[in-house]
Amino acid sequence: NAGVMQNPRHLVRRRGQEARLRCSPMKGHSHVYWYRQLPEEGLKFMVYLQKENIIDESGMPKERFSAEFPKEGPSILRIQQVVRGDSAAYFCASSPVSDYLGNTEAFFGQGTRLTVV
Amino acid sequence: AQKITQTQPGMFVQEKEAVTLDCTYDTSDQSYGLFWYKQPSSGEMIFLIYQGSYDEQNATEGRYSLNFQKARKSANLVISASQLGDSAMYFCAMREAGSNDYKLSFGAGTTVTVRA
């Protein structure tokens, strides 16, 4: 049973380009969470999605960032017109149901390292 | 306010010795969960251990144990018999009860370097 799969592992974009990060949840999981890790910091929550629904995007920057989780296919985190400050590691996690305290494990994908040059 | 505080930015430990990584947390919830993750230089986040706020016993997983002191709001990670492969960044995280119980709040991390 494959874990959470993210691709690409590394992504280099020039300022002003678009970055698309993909996350395929674990089999049977319909809930996806995106986190961002800036250099030398811990992970920060960005957005929580269920299939075809955004449940909580309170951690997303107001502009240029968007996320989706379509009925078919992976979840996509999209960053338009990237700037150097977007350089970070972006992690995705998934769960079979909405996470609750009884869920004693939380598994992350291997992350996508975005570098904006 | 910071929910998770890790005060040790970096630590050195001799191979085969034990090391304790500090973590204090801030919450007004009675029900919450505490997690520790390891992030090696390759960058992935590896889940290590979990402690529930109502768990009466300290969690253990192999060489990892969690020293949970609820009244002090601390959840220190103890790694026994350190190995060179333990060199990594370690993050403490918390999930609180309530409508946002899916969110993990992370500390800034502690870098551990194991010396031969």
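Look up a bit, the structure's there.
Let me begin by describing the structure that accompanies this report. (Residues numbered from 1 in each chain as written. Chains lettered and ligands numbered in written order. Predicted model: local features only at pLDDT ≥ 70, side-chain atom pairs only at ≥ 80, totals over all residues. Heavy atoms only, no water.)

### As for the state of the cysteines
Residue and element names in this part refer to chain A.
Part 1 of the reasoning: In the structure shown here, the tally under the stated rule is 2 disulfides over all chains.
Part 2 of the reasoning: Shown here is the disulfide that connects Cys23 with Cys92, its sulfur atoms set 1.8 Å apart. Judged by the sign of its S-S torsion, about -55 degrees, the bond between Cys23 and Cys92 is left-handed. Here the residue Cys23 occupies a position in strand E3 (residues 19–24), and Cys92 occupies one in strand E9 (residues 88–95), the gap between them amounting to 69 residues. (Disulfide = S-S within 2.5 Å. Helix = DSSP H or I, 4+ residues; strand = E, 2+ residues; numbered from the N terminus.)

### Comments concerning the side chain of Glu44 of chain B
Part 1 of the reasoning: Mapped onto the fold, Glu44 of chain B is located in the loop between strand E5 (32–39) and strand E6 (46–52).
Part 2 of the reasoning: Buried and unpaired, Glu44 of chain B has Arg9 of chain A as its nearest opposite-charge partner, separated by 5.0 Å.
Part 3 of the reasoning: Reaching out from Glu44 of chain B, the side chain makes a polar contact with the side chain of Ser42 of chain B at a distance of 2.5 Å.
Part 4 of the reasoning: In this structure Glu44 of chain B touches Phe91, Gln110 and Arg113 of chain A together with Lys38 and Gln39 of chain B, once residues within four positions along its chain are discounted. (Buried < 20%, exposed > 50% of the residue type's maximum accessible area, 1.4 Å probe, protein only. Lys, Arg positive; Asp, Glu negative; His and termini not counted. Salt bridge = Lys/Arg side-chain N within 4 Å of Asp/Glu carboxyl O. Polar contact = N/O pair within 3.5 Å; in protein donor to acceptor, adjacent residues only side chain to side chain. Contact = heavy atoms within 4.5 Å.)

### Details of the sheet that holds strand E7 (residues 65–68) of chain A
All names here are of chain A.
Part 1 of the reasoning: Judged by pairing direction, the sheet is antiparallel, and its 4 strands sit side by side in the order E1-E3-E8-E7 without closing on themselves. Both edges of this open sheet fall to strand E1 (5–7) and E7, since each of them pairs with a single strand only. Ignoring strand direction, the axes of neighbouring strands in this sheet form an average angle of 15 degrees.
Part 2 of the reasoning: Where E3 meets strand E8 (residues 75–79), 5 bridges bridge the pair, whose relative direction is antiparallel. Counted as the bridge partner of Cys23 is Ser75 from E8. (Pairing = 2+ DSSP bridges. Axes fitted to C-alpha atoms, helices over the stretch in contact; angles between N-to-C directions.)

### Some points on unusual backbone geometry
It is generally the case that most residues other than glycine have a negative phi and that most peptide bonds are trans.
Part 1 of the reasoning: The omega torsion of the bond from Asn7 of chain A to Pro8 of chain A falls at -5 degrees, within 30 degrees of zero and hence cis.
Part 2 of the reasoning: As for its position among the elements, Pro8 of chain A is in the loop between E1 and strand E2 (10–13).
Part 3 of the reasoning: For Ala81 of chain B, which is not glycine, the phi dihedral falls at a positive 45 degrees.
Part 4 of the reasoning: One can find Ala81 of chain B in the loop between strand E9 (74–79) and strand E10 (88–96).
Part 5 of the reasoning: Taking the relative accessible area as the measure of exposure, Ala81 of chain B reaches 38% and is therefore partly exposed.

### Here's the deal with the interface of chain B and chain A
Part 1 of the reasoning: At the interface, 24 residues of chain B touch 25 residues of chain A.
Part 2 of the reasoning: In this assembly, chain B packs against chain A so that about 1900 Å² is buried in total across both faces, 58% of it on carbon and sulfur atoms.
Part 3 of the reasoning: The largest contributions to the chain B side of the interface with chain A come from Met45, Arg95 and Tyr102 of chain B, which together make up 30% of the buried area.
Part 4 of the reasoning: Where chain B meets chain A, there are 1 salt bridge.
Part 5 of the reasoning: The partner of Lys103 of chain B in a salt bridge is Asp56 of chain A, with the nearest N and O atoms 3.4 Å apart.
Part 6 of the reasoning: Taken together, chain B and chain A are joined by 5 residue pairs in polar contact (both at pLDDT 80 or more).
Part 7 of the reasoning: Going through the elements one at a time, E5, E6 and E10 of chain B are the ones with two or more residues in the side of chain B that touches chain A.
Part 8 of the reasoning: When residues in the side of chain B that touches chain A are grouped by element, the largest group, 5 residues, is from E5 of chain B.
Part 9 of the reasoning: Considered class by class, the residues forming the side of chain B that touches chain A number 12 nonpolar, 7 polar and 5 charged. (Buried area = accessible area lost by both parts, 1.4 Å probe. Nonpolar A, V, L, I, M, F, W, Y, C, P; charged D, E, K, R; others polar.)

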